[in-house]
Amino acid sequence: MNRNIELIYQKAKASKAFHIQIMFATAFTFLTGGVFLSGFAMYMGASDLLVSYISMITNICGVSILFFSGVVGRFYSFKKVTISLTLLSKLATLLIVLIPLSVPENARIAVFIPLMLTAFTLQAQTTVVLNNWMVTFVEENQSGKYIARRQTFVLAVSVVLSIVGGQVLDTVSGAYIGFAILFGIALLMSVMEIVVLLQIPDAVQPKTVCKKTRFSDMLRVPMKCRPYLRFVVYIFLFYSLLSIADSFTVVYMMRYLGLSYTATTLMQMLISLPQLFLLSTWGKISDKKGHQFTLKTSIWFFTGETLFMALSNPQNLYVMIPVAFLFAAVANSGFVVAVFNRRYELMPQEGRVLYDNFFSAAVGLAFILGPVLGGTIKQQIEASSVLSDIIRFANVRLLYVLSTISIILLQLKAKIF
């Protein structure tokens, strides 16, 4: 009896510790990635093409972690592997800010690209192992609420740092010292994260998993589990179809509609802020109705986002885009809760890192193929003067129409998944 009480106490303590950990981890990632990393790349003279890929770099690097499955799967301790990967990923990321101080100007981008890919690949693998460690302490019937609460912390930290970090860089007019300050704060956040991780009890992988894994197993093993494979295919198709148009949103808003950085940032907060309240609702729905129900329901709301983006133009943008982003807020908050829990609901207990890496690789591939397909279609539309004469900014707006129709068709066929 006392043993059971102790286990319950340890689970509750570990669950709370993972909430604290995600706040420090989010702070580090936000300060050293996203908009700030894009700005740092531009400071070093990066091209527009390179900067556009930085926004998707985390997902793209999900492809490369497939090759880590065999190595990570040989270790028993989730705690030791997570902390080791955390140290390596943070170090690789923090080294980026030293490039202007240690590398000649004409070679900075050449050093930046491989270092960035290494850092974000390590970050992606760290996230997979940490998630597998975390779920061992989460009660299955409360997982929806737990992930919703965890994601709320992520959004709260992101909103605060988007304001603070922007003010720091604006104050120094984008000078190097501003980026050095952000990376310095990130270093402190990484130390705090590791301190928290050290306090969490360990969990181990099943012994049958910790054996030599061939490269073919990284694909063959997950594909043998049919329910999980259907889930991965479904998510792969969804991400591919959404990113056909969604990858051009910032370009559309700033280059075509002529919105300023401030206006673009404020509008995008319409996606983040409502989620602080929506996540708990979706968490309750997911626990009550099931993660599969929540996943497929939330994806329907993405069609509202793409449809209203397709309807937007310079005359109505302050109405249509906010409506589109509100749909995105509803969709994202439900999707992020459901896709995590549904994934762990379907994958077998043994070899979870292998299955998780397979999922991350599929998502990464989708975020590579979607924008490439969208860019190809965009070029074809631009070559047609007829479409451009009929619909203003047809080259981008028709991509949203295509995404909307494609996701609707996917949803209508969703029963096969």
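Residues numbered from 1 in each chain as written. Predicted model: local features only at pLDDT ≥ 70, side-chain atom pairs only at ≥ 80, totals over all residues. Heavy atoms only, no water.

So, the overall build of the protein
Link 1 in the chain: Looking only at helices and strands, one finds 20 helices and zero strands in the protein.
Link 2 in the chain: Within the span of the protein, comprising 417 residues, buried residues form 53% of the whole.
Link 3 in the chain: When the accessible area of the protein is evaluated, it comes to approximately 19600 Å², of which 67% is carbon and sulfur surface. (Helix = DSSP H or I, 4+ residues; strand = E, 2+ residues; numbered from the N terminus. Buried < 20%, exposed > 50% of the residue type's maximum accessible area, 1.4 Å probe, protein only. Areas by Shrake-Rupley, 256 points an atom, 1.4 Å probe, with all protein chains shown as cover.)

Some details on the packing of aromatic side chains
Link 1 in the chain: Scanning all chains against the criterion turns up 26 aromatic pairs.
Link 2 in the chain: Seen from their ring centres, F18 and W133 are 5.3 Å apart, and the 85 degrees between their planes marks the pair as edge-to-face. On the criterion of sequence distance, the pair formed by F18 in helix α1 (residues 2-32) and W133 in helix α8 (residues 108-134) is long-range, its members being 115 residues apart.
Link 3 in the chain: W133 gets classed as buried once you look at its relative accessible area, which sits at 0%.
Link 4 in the chain: On the basis of an interplanar angle of 40 degrees and a centroid distance of 6.2 Å, the ring pair of F18 and F137 is categorised as tilted. Separated by 119 residues along the polypeptide, F18 in helix α1 and F137 in the loop between α8 and α9 (143-171) bring together distant segments of the chain.
Link 5 in the chain: Taking the relative accessible area as the measure of exposure, F18 reaches 0% and is therefore buried. (Phe/Tyr/Trp six-rings, centres within 6.5 Å; stacked < 30°, edge-to-face > 60°.)

Digging into helix α17 (residues 317-346)
Link 1 in the chain: Between its terminal C-alpha atoms α17 stretches 41 Å, which fits the 44 Å expected from 30 residues at 1.5 Å a residue.
Link 2 in the chain: Burial runs high along α17: 21 of the 30 residues are buried. (Expected span 1.5 Å × (residues − 1).)

Things to note about the pattern of salt bridges
Link 1 in the chain: Under the criterion given, the structure shown has four salt bridges.
Link 2 in the chain: With its nearest N and O atoms 3.1 Å apart, the salt bridge here joins K90 to E193. In this pair, K90 is assigned in helix α6 (residues 78-94) and E193 in helix α10 (residues 176-198), connecting sequence segments 103 residues apart.
Link 3 in the chain: With relative accessibility at 3%, the residue E193 sits in the buried group.
Link 4 in the chain: Ionic pairing is found between E345 and R342, a salt bridge with its closest N-O pair at 2.6 Å. Highlighted residues: E345 and R342, both in helix α17, separated by three residues, approximately one helical turn.
Link 5 in the chain: Using a relative accessible area of 13% as the deciding quantity, one classes R342 as buried. (Salt bridge = Lys/Arg side-chain N within 4 Å of Asp/Glu carboxyl O.)

Considerations on the packing of α17 against helix α18 (residues 352-382)
Link 1 in the chain: Contact geometry for α17 and α18: axes closest at 11 Å, N-to-C directions at 135 degrees. It follows that α17 is oblique to α18 by the angle criterion. In the packing of α17 onto α18, the handedness of the crossing is right-handed. Along its contact with α17, which presents V339, R343 and Y344, the element α18 presents R352, D356 and F359. (Axes fitted to C-alpha atoms, helices over the stretch in contact; angles between N-to-C directions. Parallel < 35°, antiparallel > 145°, perpendicular 65-115°, else oblique. Left-handed = near helix turned anticlockwise from the far one by under 90°. Contact = heavy atoms within 4.5 Å.)

Overview of the confidence of the model for the protein
Link 1 in the chain: A residue-level look at the protein finds 89% of positions with pLDDT of 70 or above and a mean pLDDT of 85.
Link 2 in the chain: Summarising per-element confidence for the protein, the mean pLDDT is lowest in helix α5 (residues 69-72) (62) and highest in helix α16 (residues 291-311) (95). (pLDDT = per-residue confidence, 0-100.)

Digging into the environment of G258
Link 1 in the chain: Relative to the assigned elements, G258 resides in the loop between α13 (249-256) and α14 (261-272).
Link 2 in the chain: Overall, G258 belongs to the exposed group, its relative accessible area being 54%.
Link 3 in the chain: Residues G258 and P314, 56 residues apart in the sequence, show an inter-C-alpha distance of 8.5 Å.

Section: a nonpolar patch on the surface
Link 1 in the chain: The grouping of W300, V401, I405, I408, L409 and L412 at the surface amounts to a nonpolar patch, some 530 Å² of accessible area in total.
Link 2 in the chain: The element that contributes the greatest number of residues to the nonpolar patch is helix α20 (residues 394-412), accounting for five residues.
Link 3 in the chain: As for its placement among the helices and strands, I405 is situated in helix α20. (Patch = residues over 30% accessible without salt bridge, like charges linked within 9 Å, V, L, I, M, F, W, Y side chains within 5 Å.)

Brief notes about the side chain of R343
Link 1 in the chain: Considering the arrangement of structural elements, one finds R343 in helix α17.
Link 2 in the chain: Within polar-contact distance, the side chain of R343 engages the side chain of D356 at 2.7 Å.
Link 3 in the chain: With sequence-adjacent residues up to four places away left out, R343 is seen in contact with N131, Y228, F231, D356 and F359. (Polar contact = N/O pair within 3.5 Å; in protein donor to acceptor, adjacent residues only side chain to side chain.)

Topic: the nonpolar core
Link 1 in the chain: The biggest cluster of nonpolar side chains holds 112 residues, and the ones touching the most others in it are F112, Y228 and I235.
Link 2 in the chain: Not counting the four nearest positions on each side in its chain, Y228 is found in contact with P222, R343, L346, M347, Y355, D356, F358 and F359. (Core = buried A, V, L, I, M, F, W, Y, C linked by side-chain atoms within 4.5 Å.)

Considering the packing of α13 against α20
Geometrically, a packed helix pair is captured by the angle between its two axes and the distance between the axes.
Link 1 in the chain: One can describe the packing of α13 onto α20 by two numbers: an axis separation of 11 Å at closest approach and a directional angle of 150 degrees. As summarised for this structure, α13 and α20 are arranged roughly antiparallel, according to the angle between their axes. Pair α13 / α20 crosses with left-handed handedness. For the pair formed by α13 and α20, the contact residues are T249, Y252 and Y256 on the first element and N395, V396, R397 and Y400 on the second.

Observations concerning α10
One turn of the α-helix equals 3.6 residues, which is why residues spaced by three or four share an orientation.
Link 1 in the chain: Here α10 contains 23 residues, and its C-alpha end-to-end distance of 33 Å stays within 8% of the 33 Å for a straight helix at 1.5 Å per residue.
Link 2 in the chain: If you check which residues of α10 are buried, you get Y176, G178, F179, L182, F183, A186, M189, S190, E193, I194, V196 and L197.

Focus on the environment of V160
Link 1 in the chain: Mapped onto the elements of the fold, V160 is located in helix α9.
Link 2 in the chain: Among the residues examined, V160 registers a relative accessible area of 48% and is labelled partly exposed.
Link 3 in the chain: As for V160 and A27, which are separated by 133 residues in sequence, their C-alpha atoms are 9.5 Å apart.

Quick look at unusual backbone geometry
Link 1 in the chain: With a phi angle near 55 degrees, F393 is a residue other than glycine that sits in the positive phi range.
Link 2 in the chain: Along the polypeptide, F393 turns up in the loop between α19 (385-390) and α20.

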